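Below are the chains, spelled out letter by letter.
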Amino acid sequence: MPNVSSVLSCKYEIRTHIPHHTNCLTEQELETIWQTLCKEGKKEIVFYDGEINKKSDFIQFMQDDMNYVYAAYEGGELLALVWLNNFLGRCGMIHFTMFYNSKGKEYDIASFLLNFLLFSKSEGEFCFDALYGLTPRVYRHALHFIEKLGFRLVTEMPSSVFFQKKKKKCLKSAVFSIVRREYLKMLK
C-alpha cells in the first residue's frame, strides 16, 4: 500500500497508521483521538467488549502491525476513526466511529472513506476488494447507516460478540455485512 499517511482531498484530510510506513499517526494524535472517544462517550460503544479501557491500551492497539488505522479530519477537526484488521487476502474487517464534529455530514464522510479504501491503488492494483464487518444486532442505528452506505447485511450470527457489562461479559448476536467496490458503484 502506498504511503497515504497524509492524503489531502478537496474535502477531508486522512491521517493513517499503516504498519511499516513513515509519517504515521503520532502517539500524541492517537492520545487526542482517545480523549475524544472518552469525552464523547464513545469508548464503551466502540470497544463494547471492554478490552480497550485505557489510553495506553488504545495507543498500543492502534499501533499494532495487524491494524491499518485511518482518521478523517476537516480543518483540523477530528471527524471519524476507521481501522481495518482480520485481513483475508485483499479483504479487511472494518471498524469505525463518527465524532460529534461530523454532525450532519456523517454519510458524506463515511462514503468518502469507503471510496478512499476501496478505490485506492498500489502498483496498479486495488488495495482492497471488499470490506466486511460484524455489527452488534443491538446497534440498529449503525446497521441502518451501513446499509445506506452500500453494505449488504448478509446474516445474523447468534452469540458472536462479547459485551462487557460491569464485571461480567455476555454474548450478543451480531450482523455480518460486506461492501464491495461494485456495491458503491451501484449507489452512484
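This is a predicted model, so every value here is computed, not measured. (Residues numbered from 1 in each chain as written. Predicted model: local features only at pLDDT ≥ 70, side-chain atom pairs only at ≥ 80, totals over all residues. Heavy atoms only, no water.)

Draft legend 1. Representation of the packing of aromatic side chains within the structure. Throughout the structure, instances matching the rule amount to 16 aromatic pairs. Consider the rings of Tyr48 and Phe163, whose centres lie 4.8 Å apart with planes at 20°: the pair is stacked. Placement of Tyr48 in the loop between helix 2 (43-46) and helix 3 (55-62) and of Phe163 in strand 9 (residues 152-165) is noted, with a sequence separation of 115 residues between them. Each ring, one from Tyr70 and one from Phe116, has its centre 6.1 Å from the other, and the planes form 75°; the classification is edge-to-face. Taken together, the residues Tyr70 in strand 3 (residues 68-74) and Phe116 in helix 4 (residues 106-119) connect sequence positions 46 residues apart. Accessibility expressed as a relative area gives 1% for Tyr70, which makes it buried. A residue is classified by how much of its surface remains accessible, and Phe116, at 12% relative accessible area, is buried. Taken together, Trp34, Phe47, Phe58, Phe61 and Trp83 form an aromatic cluster joined through their ring pairs. (Phe/Tyr/Trp six-rings, centres within 6.5 Å; stacked < 30°, edge-to-face > 60°. Helix = DSSP H or I, 4+ residues; strand = E, 2+ residues; numbered from the N terminus. Buried < 20%, exposed > 50% of the residue type's maximum accessible area, 1.4 Å probe, protein only.)

Draft legend 2. Structural detail: the pairing of strand 9. Taken together, the 10 bridges between strand 9 and strand 10 (residues 168-180) define a ladder with antiparallel strand orientation. Each bridged residue has a counterpart across the sheet, and for Leu153 the counterpart in strand 10 is Ser177. As consecutive antiparallel partners, strand 9 and strand 10 are separated by 2 residues, and within that stretch Lys166 has a phi angle of approximately 55°, a positive value. (Pairing = 2+ DSSP bridges.)

Draft legend 3. Region of the structure containing the packing of helix 1 (residues 27-39) against helix 3. Look at helix 1 against helix 3: their axes get within 10 Å of each other, and the N-to-C directions meet at 125°. Classified by the interaxial angle, the pair formed by helix 1 and helix 3 is oblique. Pair helix 1 / helix 3 crosses with right-handed handedness. Residues Glu27, Leu30, Glu31, Ile33, Trp34 and Leu37 of helix 1 touch helix 3, and the partners they reach there are Lys55, Phe58, Ile59 and Met62. Of the residues assigned to the contact of helix 1 with helix 3, the class counts are 7 nonpolar, no polar and 3 charged. (Axes fitted to C-alpha atoms, helices over the stretch in contact; angles between N-to-C directions. Parallel < 35°, antiparallel > 145°, perpendicular 65-115°, else oblique. Left-handed = near helix turned anticlockwise from the far one by under 90°. Contact = heavy atoms within 4.5 Å. Nonpolar A, V, L, I, M, F, W, Y, C, P; charged D, E, K, R; others polar.)

Draft legend 4. Structural detail: the pattern of salt bridges. If you walk through the whole model with that rule in mind, you get 10 salt bridges. Notably, a salt bridge pairs Glu125 with Arg90, separated by 2.6 Å at the nearest N-O pair. Of this pair, Glu125 sits in strand 7 (residues 125-126) while Arg90 sits in the loop between strand 4 (77-88) and strand 5 (91-98), and the two are 35 residues apart along the sequence. Of the residues examined, Glu125 reaches a relative accessible area of 46% and is grouped as partly exposed. A residue is classified by how much of its surface remains accessible, and Arg90, at 34% relative accessible area, is partly exposed. Between Asp129 and Arg90 there is a salt bridge, and its shortest N-O distance comes to 3.1 Å. Placement of Asp129 in the loop between strand 7 and strand 8 (130-136) and of Arg90 in the loop between strand 4 and strand 5 is noted, with a sequence separation of 39 residues between them. On the accessibility criterion, Asp129 (27% relative accessible area) is partly exposed. (Salt bridge = Lys/Arg side-chain N within 4 Å of Asp/Glu carboxyl O.)

Draft legend 5. A look at unusual backbone geometry. For Glu123, which is not glycine, the phi dihedral falls at a positive 50°. Residue position: Glu123 is located in the loop between strand 6 (121-122) and strand 7. Positive phi outside glycine occurs at Ser159, with the angle close to 50°. By the secondary structure assignment, Ser159 is in strand 9.

Draft legend 6. How the structure looks around the pairing of strand 10. In the sheet, strand 8 pairs with strand 10 via 7 bridges, with the strands oriented antiparallel. Of the residues in strand 10, the one forming a bridge with Tyr132 is Ile178.

Note that all results are geometric; they support no functional claim without further evidence.
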